[in-house]
Amino acid sequence: MKDQKQSRPGKFLFEWSVFFVGLFIMAFGIALMIKAELGSAPWDVLHIGLFSQFGLTIGTWSIIMGFFVILATAMLTKKFPQTGAFLNMIFVGLFIDFYLWLPFFHNPITLAGKWFYLLIGILILGFGIGLYISSNRGAGPRDSLMLALTEKSGMKVSRIRLFMELFVLFFGWVLQGPISYGTILFCVTIGAIVGRTLPLCQKAVKFVLERSEHYENINKGQIRINHHDGISKEIR
């Protein structure tokens, strides 16, 4: 029991590190899709539409909408949101603005370059989602709302997700957000990509934690042996 308590800080730090790295990677994928200018993910269509109509930044709108989504989830579940949902809301928005702010991160000029950005962006975004979820530090605001609506309505997750995406896309379209081939491609492929990346990321995280715990136990065992040998020498 004592060993388990001593191993918790290392596990806690590693899981949060995986969480933030996952968000950083996911935001890069979002930024690549935005720079491609071939259509963005549904929520980003809304954020870009809000940005084009009312100013601020795309990342700021991501944070603002994330806050309202968290509020709606809390009202549905009557529970205080997890810390991971708040951190997801804040840092994804900050990371998106950071990438879009970089002076050397230009929009591709050629159509081939745009498609390259789009395809790589979707893959990176899917990997980032799989990585941050594998940390077990809590779902993001939008995923939390999806799960809450699923629980309340009794409908399938896939159907709730579809309704949410269509709802968001409609308002993004009204606000003149960028709906194009990339939007359709994202909706069709992201589930399959996360379905592949999530198990791989979970296995990798589990492997690192198990190896870390294994070496920690070996080190503790060696310390006990050395301590025991030292006491034996003193007695002799």
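Look a little higher up for the structure.
Definitions and cut-offs
- Residues numbered from 1 in each chain as written.
- Predicted model: local features only at pLDDT ≥ 70, side-chain atom pairs only at ≥ 80, totals over all residues.
- Heavy atoms only, no water.
- Salt bridge = Lys/Arg side-chain N within 4 Å of Asp/Glu carboxyl O.
- Helix = DSSP H or I, 4+ residues; strand = E, 2+ residues; numbered from the N terminus.
- Buried < 20%, exposed > 50% of the residue type's maximum accessible area, 1.4 Å probe, protein only.
- Contact = heavy atoms within 4.5 Å.
- Polar contact = N/O pair within 3.5 Å; in protein donor to acceptor, adjacent residues only side chain to side chain.
- Expected span 1.5 Å × (residues − 1).
- Arc of directions from axis to C-beta.
- Phe/Tyr/Trp six-rings, centres within 6.5 Å; stacked < 30°, edge-to-face > 60°.
- Lys, Arg positive; Asp, Glu negative; His and termini not counted.
- Patch = residues over 30% accessible without salt bridge, like charges linked within 9 Å, V, L, I, M, F, W, Y side chains within 5 Å.
- Areas by Shrake-Rupley, 256 points an atom, 1.4 Å probe, with all protein chains shown as cover.
- Axes fitted to C-alpha atoms, helices over the stretch in contact; angles between N-to-C directions.
- Parallel < 35°, antiparallel > 145°, perpendicular 65-115°, else oblique.
- Left-handed = near helix turned anticlockwise from the far one by under 90°.

Help me understand the pattern of salt bridges, please; the structure alone is not making it clear to me.
With the rule as written, the count across this model stands at two salt bridges. Salt-bridge contacts for Glu 37 lead to Lys 114; the nearest nitrogen and oxygen are separated by 3.1 Å. In this pair, Glu 37 sits in the loop between α1 (2-36) and α2 (42-54) while Lys 114 sits in helix α5 (residues 111-134), placing the two residues 77 residues apart along the sequence. Exposure remark for Lys 114: the relative accessible area of 15% places this residue in the buried category.

What should I look at first to understand unusual backbone geometry in this one?
The phi torsion at Lys 78 lies on the positive side, around 55 degrees, for a residue other than glycine. With respect to the helices, strands and loops of the structure, Lys 78 is situated in the loop between α3 (58-77) and α4 (83-101). Its relative accessible area of 72% is what places Lys 78 among the exposed residues. Positive phi, close to 60 degrees, is recorded for Asn 136, a residue that is not glycine. Examined against the element boundaries, Asn 136 turns out to sit in the loop between α5 and α6 (141-153). Asn 136 gets classed as exposed once you look at its relative accessible area, which sits at 56%.

For this particular structure, what's the right way to read the environment of Arg 137?
Note on placement: Arg 137 falls in the loop between α5 and α6. Taking the relative accessible area as the measure of exposure, Arg 137 reaches 22% and is therefore partly exposed. Separated by 117 residues in sequence, Arg 137 and Phe 20 have C-alpha atoms that sit 9.9 Å apart. When neighbours within four sequence positions are excluded, Arg 137 is seen to be in contact with Phe 12, Glu 15, Trp 16, Phe 19 and Gly 84. Side-chain polar atoms of Arg 137 contact the side chain of Glu 15, separated by 2.8 Å.

What's the story with α4 in this structure? I'm lost.
Side chains three or four residues apart in an α-helix point the same way, a direct result of the helix having 3.6 residues per turn. Between its terminal C-alpha atoms α4 stretches 27 Å, which fits the 27 Å expected from 19 residues at 1.5 Å a residue. Turning to α4, its buried residues number three or more, namely Gly 84, Ala 85, Asn 88, Met 89, Val 92, Gly 93, Phe 95, Ile 96 and Tyr 99. Along the axis of α4, the buried positions cluster into a sector of 165 degrees, meaning they face one direction only.

In this structure, what is going on with the packing of aromatic side chains? I would like to understand it.
The geometry of an aromatic ring pair is captured by two quantities: the separation of the ring centres and the angle between the planes. Summed over all chains, the structure comprises 21 aromatic pairs. Considering the side-chain rings of Phe 24 and Phe 98, the 6.3 Å spacing of their centres and the 35 degrees angle between planes classify their relative orientation as tilted. Of the two residues, Phe 24 is situated in helix α1 and Phe 98 in helix α4; the sequence distance between them amounts to 74 residues. For Phe 98, a relative accessible area of 36% translates into the label partly exposed. Ring centres of Phe 28 and Phe 105 lie 6.0 Å apart, and the angle between their planes is 35 degrees; on these two criteria the pair is classed as tilted.

Where do I start with the side chain of Arg 142 in this structure?
Position of Arg 142 among the secondary structure elements: in helix α6. We note that Arg 142 is buried and unpaired, the nearest opposite charge coming from Asp 44 at a distance of 7.0 Å. Beyond its immediate chain neighbours, meaning those up to four positions away, Arg 142 contacts Trp 43, His 47, Ser 62, Met 65, Gly 66, Val 69 and Met 164.

Can you walk me through a nonpolar patch on the surface in this structure?
Judged by side-chain polarity, Phe 167, Phe 170, Phe 171, Trp 173, Val 174 and Ile 179 come together as a nonpolar surface patch covering roughly 640 Å² of accessible area. Relative to the assigned elements, Phe 170 resides in helix α7 (residues 157-174). Take Phe 170: its relative accessible area is 45%, and that puts it in the partly exposed class.

Even after reading the chapter, I still don't get the packing of α3 against α6, so can you show me in this structure?
The axes of two packed helices give the description: the angle between them and the distance between them. The geometry of α3 relative to α6 is characterised by a closest axis approach of 9 Å and an angle of 25 degrees between their N-to-C directions. Put simply, α3 runs roughly parallel to α6. By crossing handedness, the relation of α3 to α6 is classed as left-handed. Facing Ser 62, Met 65, Gly 66, Val 69, Ile 70, Ala 72, Thr 73, Leu 76 and Thr 77 of α3, the residues of α6 in contact are Pro 141, Arg 142, Ser 144, Leu 145, Ala 148, Leu 149 and Lys 152.

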